[in-house]
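Notes for the structure review
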Amino acid sequence: MTHQRHDLTDQALWLRIAEGDRGAFADVFDRYAGAVYGHLLRRTGEHTEAEDLTSAVFLAAWRRRAEVRIDRESVLPWLLGTANRTLANRRRALRRYRALVERIPPPPDVPDHADDVAARLDAERRAAALRRSVGRLPRHERDVVELCVWGGLDQQAAAVALGIPLGTVKARMHRARARLGTLVPEELENER
């Protein structure tokens, strides 16, 4: 039976994790799996993909437990940074896979599933409308918005997660807010 260590800081737990304490790792998972999942769900818009990616993030955390950098007593910035990199890697692999599949002609008797795909895409349109404004931002600004606004990190923690200076995070957030002031009304108008 695992005894939760609610009274221990992330740093204290991570010292145990670095030594292979699976119970301490379970406690960190209990603390942050919801935040990591929520961050990935907002980035992907798909529950199953967010669940898979959350598992991959915590697998990476366990495998790289000796390398993890804790920011101000919290492992969350490292986990969210790993979530971003894991998602980027998954998307690159998917693009390569799709490019390969497009080069393979379908057998002549395979039915066309385009109507089914179109129906599913239409159903997801509303969820995508919420992400479009942020999605139109340049990647570097989008990363800051996703970590600070969606991920709940302060700007210092986002700087750690992205591996950039705090001043850069502040500048990117300022530019992103200015752009969103234009993009959000535009997206809402396009929905009509």
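Residues numbered from 1 in each chain as written. Predicted model: local features only at pLDDT ≥ 70, side-chain atom pairs only at ≥ 80, totals over all residues. Heavy atoms only, no water.

Our focus in this paragraph is the side chain of Thr54. Relative to the helices and strands, Thr54 is located in helix H3 (residues 47-63). Only 2.7 Å separates the side chain of Thr54 from the backbone oxygen of Ala50, close enough to count as a polar contact. Not counting residues within four places of it along the chain, the set of residues in contact with Thr54 comprises Ala33, Val36, Tyr37 and Leu40. (Helix = DSSP H or I, 4+ residues; strand = E, 2+ residues; numbered from the N terminus. Polar contact = N/O pair within 3.5 Å; in protein donor to acceptor, adjacent residues only side chain to side chain. Contact = heavy atoms within 4.5 Å.)

Here the focus is H3. In this model, H3 (17 residues) spans 24 Å end to end at C-alpha, consistent with the 24 Å of a helix rising 1.5 Å per residue. Those residues of H3 that fall on the buried side of the exposure criterion are Ala50, Leu53, Thr54, Val57, Phe58, Ala60, Ala61 and Trp62. In this fold, the buried residues of H3 make contact with helix H1 (10-18), helix H2 (22-44) and helix H4 (76-102). (Expected span 1.5 Å × (residues − 1). Buried < 20%, exposed > 50% of the residue type's maximum accessible area, 1.4 Å probe, protein only.)

Helical periodicity: at 3.6 residues per turn, an α-helix aligns residues three or four positions apart in one direction. For helix H6 (residues 139-150), every residue scored as buried is listed here: Glu141, Arg142, Asp143, Val144, Val145, Glu146, Leu147 and Cys148. Gly152 sits one or two positions beyond H6 and adopts a positive phi of about 80 degrees.

With that settled, consider the pattern of salt bridges. Overall, the coordinates contain seven salt bridges when judged by the stated rule. Here Arg64 and Glu67 are joined by a salt bridge, their closest N and O atoms 3.0 Å apart. Notably, a salt bridge pairs Glu141 with Arg175, separated by 3.5 Å at the nearest N-O pair. Of this pair, Glu141 sits in helix H6 while Arg175 sits in helix H8 (residues 166-190), and the two are 34 residues apart along the sequence. (Salt bridge = Lys/Arg side-chain N within 4 Å of Asp/Glu carboxyl O.)

A separate point is the packing of aromatic side chains. A complete count under the given rule lists four aromatic pairs for this structure. Summarising the aromatic geometry, the rings of Phe29 and Phe58 are spaced 4.7 Å apart at their centres and angled 70 degrees between planes, so their arrangement reads as edge-to-face. Of this pair, Phe29 sits in helix H2 while Phe58 sits in helix H3, and the two are 29 residues apart along the sequence. A cation over an aromatic ring shows up here: Arg65 above the ring of Trp62, its NZ or CZ 4.0 Å from the ring centre. (Phe/Tyr/Trp six-rings, centres within 6.5 Å; stacked < 30°, edge-to-face > 60°. Lys NZ or Arg CZ within 6 Å of the ring centre and 35° of its normal.)

Formed by 42 residues in total, the largest nonpolar core has its most connected members in Trp14, Val36, Leu40, Val75 and Leu79. For this core, the secondary-structure elements that each account for two or more residues are H1, H2, H3, H4, H6, helix H7 (155-162) and H8. Per-element accounting of this core gives the leading share, seven residues, to H2. (Core = buried A, V, L, I, M, F, W, Y, C linked by side-chain atoms within 4.5 Å.)

Function cannot be read off these values alone, since they describe shape.
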